[in-house]
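Spelled out, the chains give:
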Amino acid sequence: MKLSPELMNERLALPQGGPVRLLIDTDTANEIDDQYALAWALLSPEKMTVEAITAEPFSFAHHQPELLKAERAIEDGSEHKEHLVGGFQGWIDRLHAQGRRAADLTFVGPAEGMELSYREILTIYDKLGLPSEGKVFRGATRYMRDADDIVESDAVDTIIDLAKSGDAPLYIAAMGCVTNIAGALLKAPEIIERIVVIWTSAYPSSAPHCNRPSLNLVQDIHASRLIFDSGVPHIYLPGYHVGAQLKISRSEMEAHVKGKGAIGDYLHHLYTHNPLHNMFAITDRERRTWVIWDIINIAWLINPDWVPTHLTTSPILDDDLYWRHDATRHQMREAHDVQRDEIFLDFYDKLEDAAK
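As the structure is a prediction and not an experimental result, all values here were calculated from the model. Each chain has its residues counted from 1, running along the sequence as written. pLDDT decides what is reported in this predicted model: residues at 70 or higher carry local features, side-chain atom pairs at 80 or more are listed and counted, and totals for whole chains, interfaces and linings draw on all residues regardless. The basis for every side-chain value is the complete set of heavy atoms in the structure, and neither hydrogens nor water enter the calculation.

A. Summary view of the overall build of the protein chain. When its secondary structure is counted, the protein chain shows 14 helices and 12 strands. In terms of C-alpha radius of gyration, the protein chain reaches 20 Å, essentially the compact-globule figure of 21 Å for 356 residues. Along the three orthogonal principal directions, the C-alpha set of the protein chain runs to about 60 × 50 × 35 Å. Counting across all 356 residues of the protein chain, residues that qualify as buried make up 57%. Partitioning the contacts of the protein chain with sequence separation of at least 6, the portion at a separation of at least 24 is 79%. Secondary structure is summarised from DSSP: a helix means a run of H or I of at least four residues, a strand means a run of E of at least two, and numbering begins at the N terminus for each. C-alpha atoms define the radius of gyration in this analysis, and the globule rule sets the expected value at 2.2 Å times the number of residues to the power 0.38. The buried label goes to any residue with under 20% of its type's maximum accessible area, the exposed label to any with over 50%, and the partly exposed label to all in between, with areas taken from a 1.4 Å probe on protein chains only. Any two residues having at least one pair of non-hydrogen atoms within 4.5 Å are treated as being in contact.

As structure tokens, then:
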């Protein structure tokens, strides 16, 4: 199914005026950024009506074979490929400095990741003092096996039902792998006319780099390709190195997040108990910043000037996970920068107001 140029232009236009209809598709327990994004969205009813939040699967297990192989290569002095931002060398060096080895790490599978995310979404609602009944849905428990594989879930049916309801299009803020959205598009391809997918992942489409380091993209490559190939209206927000600018420090957390109600205290707790610090053996944690990636989705909806974008053609994701281009492809909208300070100032202000 292909949208007319007129409808595509309408769907890719910048959001204006009152609140948009929003479904958030999220791997909330993956690390700590999704929780900030969910809280900010739920505290921004003047810009978005959050109609549902669906849990995505996640797993870092795809790193384990490469990490073990890299550890062996480092120890015997042979060459190995690096498909990780920051490199496996640094990760292994940090683990060894702590008396740990790659085999000591354990990773949840996608089904457990989805369930943990589902529970974490409920926690965010609870910390905000908001009712979650009928709003939160479980998603896929595995990734797609091939390009036509529909991974059934409550999330898929929720996306379809909400897309077909209401007079206005449904925006879907995708904050992880896009298995749930791909399933909905395969099961009910007609919803392509009724949704706009906002997804953060990978490198800019103009970048020459391999996209393998992107967790959101690499977990379910079939689903990722579908988003770029299907012709669905797509707001693409690259993580590297656009969303990567959205860093926050511990001192900012202490000054502007801690003490701002139950949700502020919980977000501060997450920052100081980040599960990825242990997994990646991060040291000197108090002086380091952390990227709150997924708030970029919400920032674009609140004020698109904070996430400058341009229209371009949707790239092709090749077998080696590099971008390829064809000028005849359909359009998408892509971000090329962020206004970091304006984004966090609005986030801080809304936490402050909620705590009064």
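B. Broad picture of the environment of Q16. You can see Q16 is positioned in the loop between α1 (5–11) and β1 (20–26). The exposure class of Q16 is exposed, given its relative accessible area of 63%. Distance from Q16 to W91, taken between C-alpha atoms, is 44 Å for residues 75 residues apart in sequence.

C. A look at helix α4 (residues 87–97). Listing the buried residues of α4 in full gives G87, F88, W91, I92 and L95. Buried residues belonging to α4 abut α3 (63–76) and α12 (275–279). Just past α4, the residue G99 takes up positive phi, approximately 75°.

D. Here's a closer look at the packing of helix α13 (residues 295–302) against helix α14 (residues 340–355). Fitted lines through C-alpha atoms give the axes, limited to the stretch in contact for helices. The angle between two N-to-C directions lies from 0 to 180 degrees. Interhelical geometry of α13 versus α14 gives an angle of 90° and a closest axis separation of 11 Å. In terms of orientation, α13 and α14 fall into the roughly perpendicular class. Only I343, F344, D346 and K350 of α14 make contact with α13, whose side of the interface consists of I295, A299 and I302. For classification purposes, an angle smaller than 35 degrees is called roughly parallel, one larger than 145 roughly antiparallel, one from 65 to 115 roughly perpendicular, and anything else oblique.

E. Seen up close, the nonpolar core. Formed by 120 residues in total, the largest nonpolar core has its most connected members in I24, I298 and V307. Not counting residues within four places of it along the chain, the set of residues in contact with I24 comprises L38, A41, V50, A52, I53, T54, A173, M175 and I298. Among the buried residues, those of types Ala, Val, Leu, Ile, Met, Phe, Trp, Tyr and Cys that are joined through side-chain atoms within 4.5 Å form a nonpolar core.

F. Geometry of the environment of A281. For A281, the location among the structural elements is in the loop between α12 and β8 (290–291). The spatial distance from the C-alpha of A281 to the C-alpha of I92 is 8.6 Å, given a sequence separation of 189 residues.

G. Fine view of the packing of helix α2 (residues 33–42) against α13. As a packed pair, α2 and α13 sit with axes 8 Å apart at the nearest point and diverge in direction by 25°. Taken together, α2 and α13 sit at an angle that is classed as roughly parallel. Only I295, I298, A299 and I302 of α13 make contact with α2, whose side of the interface consists of D33, Y36, A37, W40 and A41. In terms of residue class, the contact of α2 with α13 is built from eight nonpolar, no polar and one charged. Charged means Asp, Glu, Lys or Arg here, nonpolar means Ala, Val, Leu, Ile, Met, Phe, Trp, Tyr, Cys or Pro, and polar covers whatever is left, Gly included.

H. The arrangement of the pattern of salt bridges in detail. What counts as a salt bridge is simple: a side-chain nitrogen of Lys or Arg found within 4 Å of a carboxyl oxygen of Asp or Glu. Enumeration over the complete set of coordinates arrives at 23 salt bridges. The closest approach of N and O atoms between K260 and E352, which form a salt bridge, is 2.8 Å. With K260 in the loop between α10 (250–256) and α11 (261–272) and E352 in helix α14, the pair connects residues that are 92 residues apart, well separated along the chain. One salt-bridge network, in which partners are shared between bridges, spans R250, E254, K258 and E286.

I. The side chain of N274, seen in detail. Examined against the element boundaries, N274 turns out to sit in the loop between α11 and α12. Of note is the side chain of N274, whose polar atom sits 2.9 Å from the backbone nitrogen of L276. Not counting chain neighbours up to four residues away, the residues in contact with N274 comprise E31, I32 and W290. Nitrogen and oxygen atoms within 3.5 Å of one another constitute a polar contact, given that in protein one can donate a hydrogen and the other can accept it, and given that sequence-neighbouring residues count only through two side-chain atoms.

J. The pairing of strand β5 (residues 195–201), seen in detail. In terms of burial, β5 is largely enclosed, as seven of its seven residues are buried. Of the two faces of β5, both are covered, the one formed by I195, V197, W199 and S201 as well as the one formed by V196, I198 and T200. A crossover gets the label right-handed when its path from the first strand over the helix to the second runs clockwise, viewed with the strands pointing away from the viewer. On the question of chirality, the crossover connecting strand β4 (residues 170–175) to the parallel β5 by way of helix α7 (residues 179–187) is right-handed. Strand pairing is assigned whenever DSSP identifies at least 2 bridges connecting the two strands. As paired elements, β5 and strand β6 (residues 234–238) share five bridges and run parallel to each other. The residue of β6 that forms the bridge with I198 is I235.

K. Representation of the side chain of S224. Take S224: it is sitting in helix α9 (residues 221–229). In this structure S224 comes out as buried when scored by relative accessible area, which is 0%. Apart from the residues within four sequence positions on either side, S224 is in contact with V178, W199, N216, L217 and L317.

L. Inspection of unusual backbone geometry at higher detail. Of note, the amide linkage connecting Y240 to H241 takes the cis form, showing an omega dihedral of -10°. Assignment of secondary structure puts H241 in the loop between β6 and β7 (247–248). Within the chain, A202 stands out as a residue other than glycine whose phi angle is a positive 60°. Following the sequence through the fold, A202 ends up in the loop between β5 and α8 (215–218). Assessed through its relative accessible area of 2%, A202 is described here as buried.

Everything listed here is a matter of geometry and, on its own, says nothing about what the molecule does.
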